[in-house]
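Residue strings, one per chain:
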Amino acid sequence: MDFGSVMYSKSSKQILVVEDSVMFSRILKRSIESTGDFTVVAVENFADLKVLLAEKKQQFFAGLLDVNLPDAPNGEVIDFVLAHNIPSVIFTSKLDDSFRKKIYTKGLVDYVLKEGPANVEYVVSLLSQLKRNSDIDVLVVDDSASIRSYIKHLLVIYQFNVLEAVDGIDALRMVKENPSISLVLTDFNMPNMDGLALTKALRREHSSQQMAIIGMSAFGNNQLSAHFLKLGGSDFINKPFLEEEFFCRINQNMDLLEHINKLKFLATRDFLTGLFNRRHFFEVGNKVLTRYEKKGLQIGIALLDIDHFKKVNDNYGHDAGDIVLRQLGALLIENFEADNANHDVVARFGGEEFCFLLVAENTEQMQQKLSTLRAHIEKERFVLNDGFNLQVTASIGLFTDPSLDIESAITMADKALYQAKENGRNQLVLLDS
Ligand SMILES: Nc1nc2c(ncn2[C@@H]2O[C@H](COP(=O)(O)OP(=O)(O)OP(=O)(O)O)[C@@H](O)[C@H]2O)c(=O)[nH]1
């Protein structure tokens, strides 16, 4: 048994595999690790498992357990691993009804039949869902404490972060205080504000692309479920439900939100740097413009262009150029997006050119901000794949005039940028009206 040879990256989560078939274990390891999100530690028998968990070297995100091991033929590993608080999925070659019920009462995440490659794919997607769920805040709304606690118990098995509310009014307050909530599971009959009124109120502020709302009510109430879905409910679960159906519906709804968010990201962001793209810059920029002009603040447009960037590509290769663009993108996100009380907007316009919409009390503030950025870029070490450190400089053109629209302001900022290049590069040039 060799646990020491595994390299752990800081962000990857560790998965425990307990499986006596070396071949199956290898296939699992390869498929799981190919996601780049997980590293696998595998053991072949119960004895090794005991040693591994006694060492307490790793914190496992999830376990994949074979229930029939030569030294533990009756599923003894299940209780042992669960006692170590490792959410687990079991592999089994056959499944009867009573065993299936036991799986969920024991607090296992799921079961997988050992049938072939499709099941390995299922395990990998299940692990990815668990990882995603650990970033999702769910609100459970029910006036019954015991039902809330049961649903919370199920959601925690699937790694969700769970918040609770006792009725619709309480739920609206919780959503306001916790804007990260993206799934609401609500009962219907509640005092003060019921599930239908809650859904109506939530949908005024949160579209179905931002938040999933799943209703839960006693079986047979078809009119209620239709009414709920028409109000904007995402899905409906009849009570009592099979745990398996409960998890499937929740995961399907969260998969949908995830896909929508990915599409939104792809439509609005530049692929290489993650900054806004040109189209989205205009969309956001125009909104910021109207909001801040009213407040009497000044707006400026700046264009930044890396100096002699062609030489970076020519001397070190296109990949090195991409590394510089990516690292510069991260620097711009850190300085202009992450902590952005003024709502400055920055985008990659293409190639090595970046555009800024700046909001400040006066032109001097903007100049100060951009001069600090220029100096920061000059000092930054861009680290290439072979470890070589590269330095670059950038020229910036800034234009300020409260009466111009964004497009005309960009044309003027481009003139200022041209002057900065003509004057010898690595500098900021201001043009104002
Ligand atoms: N690596 C990489 N290079 C790119 C990308 N987009 C554009 N470029 C390169 O950026 C370079 C831009 O060069 P030029 O427009 O001649 O300007 P420059 O060399 O930066 O010179 P000045 O702007 O005059 O200082 C070209 O070599 C393009 O091929 C990209 O996405 N990745």
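Residues numbered from 1 in each chain as written. Predicted model: local features only at pLDDT ≥ 70, side-chain atom pairs only at ≥ 80, totals over all residues. Heavy atoms only, no water.

- With an unreviewed UniProt entry as reference, the protein chain is termed diguanylate cyclase, source organism Psychromonas marina.
- Under the UniProt heading Catalytic activity (unreviewed entry), the note attached to the protein chain is "2 GTP = 3',3'-c-di-GMP + 2 diphosphate". (UniProt positions renumbered as here; feature names shortened; annotations may be inferred.)

**Notes on the overall build of the protein chain**
Part 1: Secondary structure summary: the protein chain contains 15 helices and 17 strands in total.
Part 2: The C-alpha extent of the protein chain, read off along each of the three principal axes, is 80 × 60 × 30 Å.
Part 3: The 433 residues of the protein chain split such that 48% are buried.
Part 4: Long-range contacts, defined as pairs at least 24 residues apart, comprise 68% of the intrachain contacts of the protein chain with a sequence gap of at least 6.
Part 5: In the form shown here, the protein chain has an accessible surface area of approximately 21800 Å², with 51% of it arising from carbon and sulfur atoms.
Part 6: Computing the positive centroid from 46 side-chain charges and the negative centroid from 59, the protein chain places the two 1 Å apart. (Helix = DSSP H or I, 4+ residues; strand = E, 2+ residues; numbered from the N terminus. Buried < 20%, exposed > 50% of the residue type's maximum accessible area, 1.4 Å probe, protein only. Contact = heavy atoms within 4.5 Å. Areas by Shrake-Rupley, 256 points an atom, 1.4 Å probe, with all protein chains shown as cover. Lys, Arg positive; Asp, Glu negative; His and termini not counted. Charge placed at Lys NZ, Arg CZ, Asp CG, Glu CD.)

**Side note on the UniProt feature "modified residue: 4-aspartylphosphate" (unreviewed entry) in the protein chain**
Part 1: Those residues carrying the UniProt feature "modified residue: 4-aspartylphosphate" (unreviewed entry) are Asp66 and Asp187 in this numbering. Their sequence span is 122 residues, while the largest C-alpha to C-alpha distance among them is 37.1 Å; these annotated residues do not converge on one region.
Part 2: Mapped onto the elements, Asp66 comes out in strand 3 (residues 60–66).
Part 3: A relative accessible area of 3% places Asp66 in the buried class.
Part 4: Apart from residues lying up to four places away in sequence, Asp66 is in contact with Val18, Glu19, Asp20, Val77, Phe91 and Lys114.
Part 5: Among all residues touching Asp187, those that are not within four sequence positions of it are Val141, Asp142, Asp143, Gly195, Met216 and Lys239.

**Some details on helix 14 (residues 363–379)**
Part 1: Taking 1.5 Å of rise per residue, 17 residues should cover 24 Å, and helix 14 covers 25 Å from first to last C-alpha, within 8% of that figure.
Part 2: If you check which residues of helix 14 are buried, you get Thr363, Met366, Leu370, Leu373, Arg374 and Ile377. Down the axis, helix 14 shows its buried residues gathered within 100 degrees of arc, on one side only. Along helix 14, the residues that are exposed and aim more than 90 degrees away from the buried face are Glu364, Gln368 and Lys379. (Expected span 1.5 Å × (residues − 1). Arc of directions from axis to C-beta.)

**A short note on the pairing of strand 1 (residues 13–18)**
Part 1: Burial analysis of strand 1 places 5 of its 6 residues in the buried class, the great majority of the element.
Part 2: Examined bridge by bridge, strand 1 and strand 2 (residues 38–43) share 6 bridges and lie parallel to one another. Bridging across to strand 2, Leu16 finds its partner in Val41.
Part 3: In the classification by handedness, the crossover that spans strand 1, the intervening helix 1 (residues 22–33) and the parallel strand 2 is right-handed.
Part 4: One ladder, built from 5 bridges, connects strand 1 with strand 3; its direction is parallel. Following the sheet pairing, Val18 is matched in strand 3 by Leu65. (Pairing = 2+ DSSP bridges. Right-handed = clockwise from strand over helix to strand, strands pointing away.)

**Topic: the nonpolar core**
Part 1: Judged by nonpolar contacts, the single largest core of 65 residues is most densely connected at Ile15, Leu16, Leu64, Leu155, Leu185 and Phe246.
Part 2: Ranked by residue count, the leading element in this core is helix 5 (residues 117–133), at 6 residues.
Part 3: Each of domain 1 (3–128) and domain 2 (135–268) accounts for three or more of the residues forming this core.
Part 4: Once you skip the residues sitting within four places of it in the chain, Leu185 turns out to touch Val138, Leu139, Val140, Val141, Ile151, Leu155, Ile214, Met216, Phe246 and Ile250.
Part 5: In terms of nonpolar packing, the next biggest core, distinct from the first, is built from 31 residues, Leu272, Leu275, Phe382 and Leu390 among them. (Core = buried A, V, L, I, M, F, W, Y, C linked by side-chain atoms within 4.5 Å. Domains from an automatic or database assignment.)

**A short note on the packing of helix 7 (residues 168–177) against helix 8 (residues 195–205)**
Part 1: Two elements in contact, helix 7 and helix 8, have axes separated by 9 Å at closest approach and are oriented at 25 degrees. Taken together, the axes of helix 7 and helix 8 lie roughly parallel to each other. The way helix 7 lies across helix 8 gives a crossing that is right-handed. On helix 8, the residues touching Gly168, Ala171, Leu172 and Val175 of helix 7 are Leu198, Ala201 and Leu202.
Part 2: Within the contact of helix 7 with helix 8, the residues separate by chemical class into 6 nonpolar, 1 polar and no charged. (Axes fitted to C-alpha atoms, helices over the stretch in contact; angles between N-to-C directions. Parallel < 35°, antiparallel > 145°, perpendicular 65-115°, else oblique. Left-handed = near helix turned anticlockwise from the far one by under 90°. Nonpolar A, V, L, I, M, F, W, Y, C, P; charged D, E, K, R; others polar.)

**A short note on the site of the ligand**
Part 1: Neighbouring the ligand are 16 residues, the closest being His308, Phe309, Lys310, Asn313 and Asp322.
Part 2: Side-chain polar atom of Glu352 to an oxygen atom of the ligand: 3.0 Å apart, as the coordinates give it.
Part 3: For the ligand, whose unbound accessible area comes to 670 Å², protein coverage reaches 66%.
Part 4: Where the shell around the ligand is concerned, the elements lending two or more residues are strand 11 (298–306), helix 12 (309–316) and helix 13 (318–338).
Part 5: It is helix 13 that contributes the most residues to the shell around the ligand, 4 residues altogether.
Part 6: Split by residue class, the shell around the ligand holds 3 nonpolar, 5 polar and 8 charged. (Near = heavy atom within 4 Å. Polar contact = N/O pair within 3.5 Å; in protein donor to acceptor, adjacent residues only side chain to side chain.)

**Structural notes on the domain arrangement of the protein chain**
Part 1: For the protein chain, the domain assignment lists domain 1 (3–128), domain 2 (135–268) and domain 3 (276–431).
Part 2: The C-alpha centroid of domain 3 is placed 48 Å from the C-alpha centroid of domain 1.

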